[in-house]
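A look at the structure
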Amino acid sequence: MIRFLLLVSMIYAGIAACAQAPKLTVEKIMRDPKWIGTSPSSIAWGADGSSVYFSWNPNRELADSTWYIDIKTKVPVKASVEQKRTLVTNDNVTYNYNRTAFIFSRDGDVFYSEVKPARTRRVTQTIERETNPQFSFNQTKIVYARNNNLFAWDIITGETIQLTNVRTGADRKTATTQQEDWMKNDQLQYFEVLRERKQKRDAAAAYNKNANEEMRAIQIEDKVMQNLSISPDGRFITYRLFKSASNAKSSIVPNYVTESGFTEDIPARTKVGAPSGTSEFFMYDRVRDTVYAVKTDSIPGIRDLPDYLSDYPKQLAERKKRNAPRRVNVLGPVWSPNGTHGMVEIRSEDNKDRWLMLIDTATAELKLINRQRDEAWIQGPGISAFRTGWIDENTFWFQSEASGYSHLYLTNVTGDSVRQLTSGNYEVQQAQLSKDKKTFYIVTNEVHPGEQHFYHLNIADRKKTRITTMTGANEVTVSPDEKMLAIRYSYATKPWELYLQENKAGSKAVQVTDKAQSEEFRSFAWQDPELVTFTARDGATVYARLYKPANPHASKPGVIFVHGAGYLQNAHKWWSSYFREYMFNNMLAENGYYVLDIDYRASAGYGRNFRTGIYRYMGGKDLSDHIDGAEWLAKNYGVDASRIGMYGGSYGGFITLMAMFTEPGKIAAGAALRSVTDWSNYNHGYTSNILNEPYTDSIAYRRSSPIYFAEGLKGHLLMLHGMVDVNVHFQDIVELSQRLIELGKDNWELAVYPMEDHGFVEPSSWTDEYKRVFKLFEAVLKKK
């Protein structure tokens, strides 16, 4: 009997073992992502609001296709070739004020559609491209751009007129010498027939000019015209002329594995601090037939100098003496509904200031409405791009980080009445004004920094009503009639799916796609990482994802994953864009590691002070947050402080290098993928915001670049980089390798990927990369 029971017990144990989730391996994780499933993307409502369109690949084809769901049947259907060709989505149309008609461009032509009865008229049909259609002339005409000129099509008559006469090249008459002028005058003085013929020719030219009323020429010479647009009343045309810097040197990226068999050069970007182009902003008054240059040299604070110059007394003195206005870029204008007011956003090139200013249409002078100054840099949700608008003819809305978090504000046209609509220690991450202009549809992280929810914000009383309820991220697209919501939703363990929901509180979201998780993906026991917080050494609260092993390894190893930057968040409750690393972290936990994934200083979602915590010192608070996290792991979970590894790509690779070089003994093994090693090699837009420019703030670059600290390398370092990386160039890792060679360091290795860019494409490359990372951790962190 005992033997029988023992046998039964063994059988059940074997069945249970077979039923357990399969074991994760790098080879399984790093396959083509189609093995996971397919998630809908690029969500857009059809212009009539009856269907939702999206990209999807449920059949694991070579690429995604266009699908749609009728809101009545809620069944996904693949769009035909003809449906895709004629598709008009709500995000690509512009409505008139009464929303009785809309306009759009498709395949380089412009179309006009009436809503009821549904009817579409073709405005243009040419071999040239017509773009950027907009209603103007008090809604009676459609204005569009063609070859740097504006044209107007009359909705009633169908007549088209040209509004601008933009010309390239210099507008100069042929120069003559003093000798030539004398000879000509002498000939005309003594030959009567010559004189009479010239008089007749001049009279005919003058008559023809008056009869034809030749349109004023707008001469742009060798500049590029940008942002050509017209006011709602059709009177004012605005544009920007940009001239690129002729002496800005671009880099190249050599490509070694090519079809030709020869090494080929890939043209790449300039580096931070390269000479930038110049721009000018103009307004053309069609009634007065006058072009005004909008001057910015008298903007309040235009000559203010940044605080960091106090570290450079000589440079500060020179700048004060010069007292020159800072260079700026003018964006907009955004016109009030009737065209009474035009609001522009002006950004200083050093990105320390953003001004909202009204254009005086009589004089082209600027009037200050709002100024946001940040001694670090201007950014944040709704602020990075010019996302603003008008409530009515005299009330303008915008977002600002004035309170420390990005919130919604209203201002009148005098600027003396600013009203804050939202407040608190959270961010308004998206904002859309309703059709009746009484409500904002907003997305915030008020519930938790790691959640995104959709709300109605009543403008009159500032009351918010939460509409979404699913824990995680709710990416909402509002239907054209604002009655329905298309929601792309995900949770930490569940990739994105599409839901439909009525646009009102208490309604329930209905799932309409179900292919984000394959059966194989579901078979794994994916961890729902615990969202934890710890206190950094300066008192800041830091959020992180924690993966805990069911069976910790005897050596109690730990690993810290460092996400990339560019203003990004990863300690949240939705499906991560770092899905490969999410799976790899699961595998590490499965193999006995504690894994911490930290939203360090400069991560998105936590307000202005958190965002700018790395100003002038990358590798400062962002690195100390990780070192504090390592100590937290050791203190709270018994992780052996001498057996902690670190890995990450791009900015994550940079942090790994800084940890290995400047925090000796804190990280035993580091894997730095596609890492920045010298910030003076990186691009201007991102780097200059944080570190200013190498020749104006050398202190910031010196303390922020790993290459200057390579002599401090301790522990075991693995570096991995794609050789055709056009973002963080291969040059970075080559220069650091040479530095390590010269220093006589022998505790490092470099793996290169000849055919990979910054974001790897080939599963074989991903697999090789992470097999090496795992091998490093296994060899070093579990070493007896």
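Since we're looking at a predicted model, the values are computed, not measured.

**Some thoughts on the environment of Lys 483**
Examined against the element boundaries, Lys 483 turns out to sit in the loop between β33 (473–478) and β34 (484–491). On the accessibility criterion, Lys 483 (58% relative accessible area) is exposed. Expressed as a C-alpha distance, the spacing of Lys 483 and Gly 49, which sit 434 residues apart in the sequence, is 9.3 Å. Not counting residues within four places of it along the chain, the set of residues in contact with Lys 483 comprises Glu 502 and Asn 503.

**A look at the side chain of His 758**
Take His 758: it is sitting in the loop between β44 (748–753) and α15 (763–781). Engagement of the side chain of His 758 in a polar contact is seen with the side chain of Asp 725, the distance being 2.7 Å. At 3.4 Å, the side chain of His 758 forms a polar contact with the side chain of Asn 727. Sequence-distant contacts of His 758, defined by excluding residues within four places in its chain, comprise Ser 650, Arg 674, Asp 725, Asn 727 and Val 728.

**Considerations on the packing of helix α8 (residues 579–590) against α15**
Closest axis-to-axis distance for the α8/α15 pair is 12 Å, and the angle between their directions is 30°. In this structure, α8 meets α15 at a crossing whose hand is right-handed. Seen from α8, the contacting residues are Arg 580, Glu 581, Phe 584, Met 587 and Leu 588; seen from α15, they are Trp 766, Tyr 770, Val 773, Phe 774 and Phe 777. The residue inventory of the contact of α8 with α15, partitioned by class, reads eight nonpolar, no polar and two charged.

**Observations concerning the packing of aromatic side chains**
Inspection of every chain in the model, using the stated rule, returns 47 aromatic pairs. When the centroid spacing of 6.4 Å and the interplanar angle of 75° are considered together, the rings of Tyr 112 and Phe 135 count as edge-to-face. In this pair, Tyr 112 is assigned in strand β7 (residues 109–114) and Phe 135 in strand β9 (residues 130–136), connecting sequence segments 23 residues apart. Aromatic pair Phe 584 and Tyr 770: ring centres 4.9 Å apart, planes at 70°, arrangement edge-to-face. Highlighted residues: Phe 584 in helix α8 and Tyr 770 in helix α15, separated in sequence by 186 residues. Across the pair, exposure class does not vary: Phe 584 and Tyr 770 are buried alike. Members of the aromatic cluster, connected to one another through ring pairs, are Phe 561, Tyr 578, Phe 584, Tyr 647, Tyr 753, Phe 760, Trp 766, Tyr 770 and Phe 777. Its end group placed over the ring of Phe 137, Lys 141 keeps NZ or CZ at 5.1 Å from the ring centre.

Reading the values: rules and limits
Residues numbered from 1 in each chain as written. Predicted model: local features only at pLDDT ≥ 70, side-chain atom pairs only at ≥ 80, totals over all residues. Heavy atoms only, no water. Helix = DSSP H or I, 4+ residues; strand = E, 2+ residues; numbered from the N terminus. Buried < 20%, exposed > 50% of the residue type's maximum accessible area, 1.4 Å probe, protein only. Contact = heavy atoms within 4.5 Å. Polar contact = N/O pair within 3.5 Å; in protein donor to acceptor, adjacent residues only side chain to side chain. Axes fitted to C-alpha atoms, helices over the stretch in contact; angles between N-to-C directions. Left-handed = near helix turned anticlockwise from the far one by under 90°. Nonpolar A, V, L, I, M, F, W, Y, C, P; charged D, E, K, R; others polar. Phe/Tyr/Trp six-rings, centres within 6.5 Å; stacked < 30°, edge-to-face > 60°. Lys NZ or Arg CZ within 6 Å of the ring centre and 35° of its normal.

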